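# Structure at a glance
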Amino acid sequence: MSDEASTSGSESDESGETNGSDSLVERGRRGVAAWFADAGLTGYLGVFTLAVAVATTVFGLLVPESLPGAIVAILLSEGTLAATLRRTVPIAFAALGGIFAEKAGVINIGLEGLLIVSAFVAAAAAHFLGSVWLGLAAGVLASVLLALLFAVACIEFRADQIIAGLAIWLIALGLAPFASVVFFGSKNTPTIDSFGTITIPILSELPVVGAVFDASPMVFLLFVAVAGSWWLLNRTTFGRWVRASGENPDALDTAGVNVSRVRYAAVTLSGLLAGIGGAALSISLRGFTGNGPTMVNGRGFIAIVTYLFGNYDPIGALLSTMLFTSLTQLQLELQASGVLSVPSSLVRTIPFLTVIVVLALFGKTRIPAAAGDHFESGEE
Amino acid sequence: MSDADDSSGWRGRVTRVLDRLTSASARERLAISLSALVLSVAVGAVLIYGAGLATTCRRAAFLGSCYDPFVVYDQLFFRSFGNLLADPTNPKAATTLGEATILVCTGLSVAVAFKAGVFNIGTQGQLVVGALATAVVTYAVSQTLAGPLATVVSLPVGVLTGAVTGGLYGAIPGALKAYADANEVITTIMLNFVATNLALFAVQAAFKDPESVATQTRRLPAFAQFPRVVFPETADFSIVALALAVTLAVAAAYLLAATAFGYDVRTSGLQSAAAEYGGVDAKRTTVAAMTLSGALGGVGGAIYVLMKLGNFQTNVPAYGFDGITVTILAGNNPLGVLAAGLLFGVLKSGSINVSVATDVPPELVGVIRGLIVLFVAMPEFFRLIARRYTSDDSPGETAVTDGGRPTDDERPGSDDRPTDDGRSTDDTQGGTERPPDGDTGSDDGGVSP
């Protein structure tokens, strides 16, 4: 369908990779140009969506009482931005983790499991230790340990990454409710304290974007993590090793770097980042709920899609996560304000359907060449 | 093998690879599955013991722990058939066999897709939509029927409805993978969430039983459900349904092993590029395999409704996810699915016994399920242990655990060695442009006999 469009898209990516001086803007410009040149279905749909969005905004601003008017009002309200940021935190942290693992050549489909375990352990530890920060630390530790188990299975024992990742999810899906019943007699943990908010004077008074400066510490931590991840991946030796380990592990091996060790580090890092996300989720919602798919409810899988959509770039992953969560938030607010009256069971399918549509249209991102493959050094 | 050598080109080569994989590793796979099971149970025992230490109770049951792992496992594994000598059709045995019947269907569903190189995590969703459609259509049909032949008409209609609905729902991720390169692992998981919510919506909006407070469809008349035959009317198990599941397993084994379609499925699963070269339409095969897989999941849903419940209820147990474990444990072998399905039937009904007889949370079974998947996924772990504990002087033993495959030392520099079933999913990952040579076929083909 969009074969040509995506091929040329990935070509421009590769050239961006080789002469690293290319700016993000330049790469984006060329990507857009290539889209239009090929004018595949993807391009048309993109233009169409953009046109609809612009038309809605203009119409909404002119006629505030209409449905587009309501949409624009919701989008511009501070509450929407604040809620969107809150929803973004767990998914974006998991996505950052997924980027490191997959860039290093290990497809971490177990992100969902890491989120579940860290969400539970963080809530339980916060309850017993009486401190949300100790809870956060415990949640991250649990996630790192589970990620290490995954790493040992994949790297040391050459497990199929997809099956092992699935196992990590299934283990967490059983373990968290099991432990919750053992400790609390219920699949849900007791209510715990939440993080406070950090308010930056003056900036938080700004219209529309003020919510960014009056938010949970986790939101600020996310911005730091995104910037740090970008820097680590693109500007450090470690980042170069990670990328080489996913693209051409033989070359990295020849250069004398231990590929396994790089992959271990990357997967551990993905456990750390996903752990922060899971802990932030349960602590900000003041407890863990473990019924059915647990409170994580597919966020780990959504994270995989957002970093694919963000083309393995930490900033791209943050932006695509925010796009996704703002859409979710928008429909929730439309629902709450009575503008739309669609049953909630149907509304809940929207994020999942969005993921499927996004994957179908943009699924052809260029994944690291050696992702999913086991690497073995010639010398043993 | 020698026959395959005569036929030149890709087709011969692929056949050779298939032969090698299936014959050489059958015993090894069985050994790995059994070892994984034992190891999971052992880790589970440690978990039970540890959990017992963490809780408080009046009197410790086992070495200072509140939970006794032996009691738990006794309930989990050995009480699932009740007292067979006194009453072979006792309720516990019926529950175990009933669970096993559904799990065989979901296990087959995952296995068929797996053979085609498609990782169908969406059996759960396909089962849910199949179950709902079966409940709704069967109810409508049963209202128009009466008399002794009513069952003969209504039952096939119900099962077929489940199969068709599940099949269509499975075809969606199949088509998305084949024609839009969307990673089926993600799309099927998303479609599970969608199915659950859609079913909830459909029941609330249209098909709810007006006489019940619960979110469920109207009760089906007894004649529209699977006849109990040997078992008492109250049992949630039917021999007829079990016979259907066994027939499906045998049919799937035959289909995959001895038909042209089965050949297409297996080759596109092992090496899609080679399959294309050999004249297989890999895209169409992917969609067909996913449709078949979804249909089998849908039949599982139909049996769930027509044998166990008698209507559709929105809180569907995780049969689809257990199906993944069943398949992985069975090494994707449809006949192996029968054995693994029975084992999981035991576990499922055993978890009920555990929650009745002990204080241990029945969620334990979920943990063991995950552990089994993890351990089966890492055959190298067991090979390593086998190598460590079998001395080099006894090549016979090593050959068994190693599946007669060359060891590391004999094949330096081969970093893409074919391992087990996991390899067949290689080109499913990411659904993107992966070099075709990273797969099983090319590596094995390089070793000329």
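Remember, it's a predicted structure, so these values are computed and weren't measured experimentally.

### Quick notes on the overall build of chain A
Along chain A, the regular secondary structure elements total 16 helices and 2 strands. Buried residues in chain A amount to 52% of all 380 residues. Across chain A, contacts joining residues at least 24 apart in sequence account for 74% of those joining residues at least 6 apart.

### Some remarks on the overall build of chain B
Counting secondary structure elements, chain B contains 17 helices and 0 strands. Looking at the 449 residues of chain B, the share that counts as buried comes to 57%. Taking the intrachain contacts of chain B between residues at least 6 apart in sequence as the baseline, contacts between residues at least 24 apart amount to 75%.

### A word on the packing of helix α12 (residues 319-329) of chain B against helix α13 (residues 334-357) of chain B
All names here are of chain B. Following both chains from N to C, one finds α12 and α13 inclined at 130 degrees, their axes separated by 8 Å at the closest point. Classified by the interaxial angle, the pair formed by α12 and α13 is oblique. At the point where α12 passes α13, the crossing takes the right-handed sense. In contact with Asp322, Thr325, Val326, Thr327 and Leu329 of α12, α13 contributes Val337, Ala340, Gly341 and Phe344. The residue makeup of the contact of α12 with α13, split by class, is 5 nonpolar, 3 polar and 1 charged.

### Regarding the environment of Leu114(A)
All names here are of chain A. By the secondary structure assignment, Leu114 is in helix α6 (residues 111-129). The class of Leu114 is buried, set by 38 C-beta atoms lying within 10 Å. C-alpha of Leu114 to C-alpha of Ser270: the two residues are 156 residues apart in sequence and 9.1 Å apart in space.

### Comments concerning the nonpolar core
In this structure, Phe93(A), Ala119(A), Ala164(A) and Val373(B) are the most contacted members of the largest nonpolar core, which totals 235 residues. With residues up to four places along the chain from it excluded, the contact list for Val373(B) reads Ile163(A), Leu166(A), Ala167(A), Leu170(A), Ile324(B), Thr325(B) and Ile328(B).

### Re the packing of α6(A) against helix α12 (residues 259-284) of chain A
Residues and elements named next belong to chain A. Interaxial distance between α6 and α12 falls to 7 Å at its minimum, and their mutual angle equals 50 degrees. By the angle between their axes, α6 is oblique relative to α12. Read as a crossing pair, α6 and α12 show a hand that is right-handed. For the pair α6 and α12, the contacting residues are Leu111, Leu114, Leu115, Ile116, Val117, Ser118, Ala119, Phe120, Ala122, Ala123 and Ala126 in the first and Gly271, Ala274, Gly275, Gly277, Gly278, Ala279, Leu281, Ser282 and Ile283 in the second. Of the residues belonging to the contact of α6 with α12, the class tally is 14 nonpolar, 6 polar and no charged.

### Some words on the environment of Ala303(A)
Residues and elements named next belong to chain A. Relative to the helices and strands, Ala303 is located in helix α13 (residues 299-309). For the pair Ala303 and Ile192, spaced 111 residues apart in sequence, the C-alpha to C-alpha distance is 26 Å. Ignoring sequence-local partners within four residues, the contact set of Ala303 consists of Ile91, Ala94, Ala95, Gly98 and Leu111.

### Overview of the confidence of the model for chain A
The predicted model of chain A averages 82 in pLDDT, with 82% of residues at 70 or higher. The low-confidence segment residues 1-21 of chain A, where pLDDT is below 50, has 27 contacts with residues more than four positions distant or belonging to other chains.

### Let's talk about helix α3 (residues 69-78) of chain B
Residue and element names in this part refer to chain B. Among all positions of α3, only Pro69, Val72, Gln75 and Leu76 are buried. On an axial view of α3, the arc spanned by its buried residues comes to 135 degrees, and they lie on one face. Every exposed residue of α3 that faces more than 90 degrees away from the buried side is listed here: Phe70 and Phe78.

### Notes on the confidence of the model for chain B
All names here are of chain B. Of all residues in chain B, 81% have pLDDT values of 70 or greater, and the mean over the chain is 80. Predicted confidence in chain B is weakest over helix α17 (residues 440-446), with a mean pLDDT of 35, and strongest over helix α5 (residues 123-143), with 95. This stretch, residues 1-8, has a pLDDT under 50; its non-local contacts, to residues over four places away or in other chains, come to 10 contacts. A low-confidence stretch, residues 393-449 (pLDDT under 50), is modelled with 99 contacts involving residues beyond four sequence positions or located in other chains. On the interface metric, ipTM, the complex scores 0.79, and its pTM is 0.79.

### Overview of the environment of Gly196(A)
With respect to the helices, strands and loops of the structure, Gly196(A) is situated in the loop between α8 (161-184) and β1 (198-199). Taking the C-alpha atoms as reference points, Gly196(A) and Ser216(A), 20 residues apart in sequence, are found 6.2 Å from one another.

Quick notes on the rules
- Starting from 1, residues in each chain are numbered consecutively following that chain's sequence as written.
- Written order decides the labels, with chains lettered from A and ligands numbered from 1.
- Whole-chain, interface and lining totals are the exception, using all residues; otherwise, since this is a predicted model, local features are given only for residues with pLDDT of at least 70 and side-chain atom pairs are given and counted only at 80 or more.
- Only DSSP runs of H or I reaching four residues or more are called helices, and only runs of E reaching two or more are called strands; each is numbered from the N terminus.
- Partly exposed residues are those falling between the two cut-offs: more than 12 but fewer than 20 other C-beta atoms within 10 Å of their own, whereas 20 or more means buried and 12 or fewer means exposed, with C-beta atoms placed from the backbone.
- The contact criterion used here is simple: two residues whose C-beta atoms, placed from the backbone, lie within 7 Å are in contact.
- Axis geometry follows a simple rule: fit a line to the C-alpha atoms, using only the stretch in contact for helices, then measure angles between N-to-C directions, giving values from 0 to 180 degrees.
- Geometric relationships in this document are graded by angle, where less than 35 degrees denotes roughly parallel, more than 145 denotes roughly antiparallel, 65 to 115 denotes roughly perpendicular, and other angles denote oblique.
- By convention, the crossing between two helices is left-handed when the near helix turns anticlockwise from the far helix through less than a right angle, and right-handed when the turn is clockwise.
- Amino acids are sorted into nonpolar (Ala, Val, Leu, Ile, Met, Phe, Trp, Tyr, Cys and Pro), charged (Asp, Glu, Lys and Arg) and polar (every other residue, Gly among them).
- Under the definition applied here, buried Ala, Val, Leu, Ile, Met, Phe, Trp, Tyr and Cys residues are grouped into a nonpolar core through C-beta atoms within 7 Å.
- Per residue, pLDDT measures the predictor's confidence, with a range of 0 to 100.
- Of all possible arcs, the one meant is that of the directions from the helix axis to the C-beta atoms.

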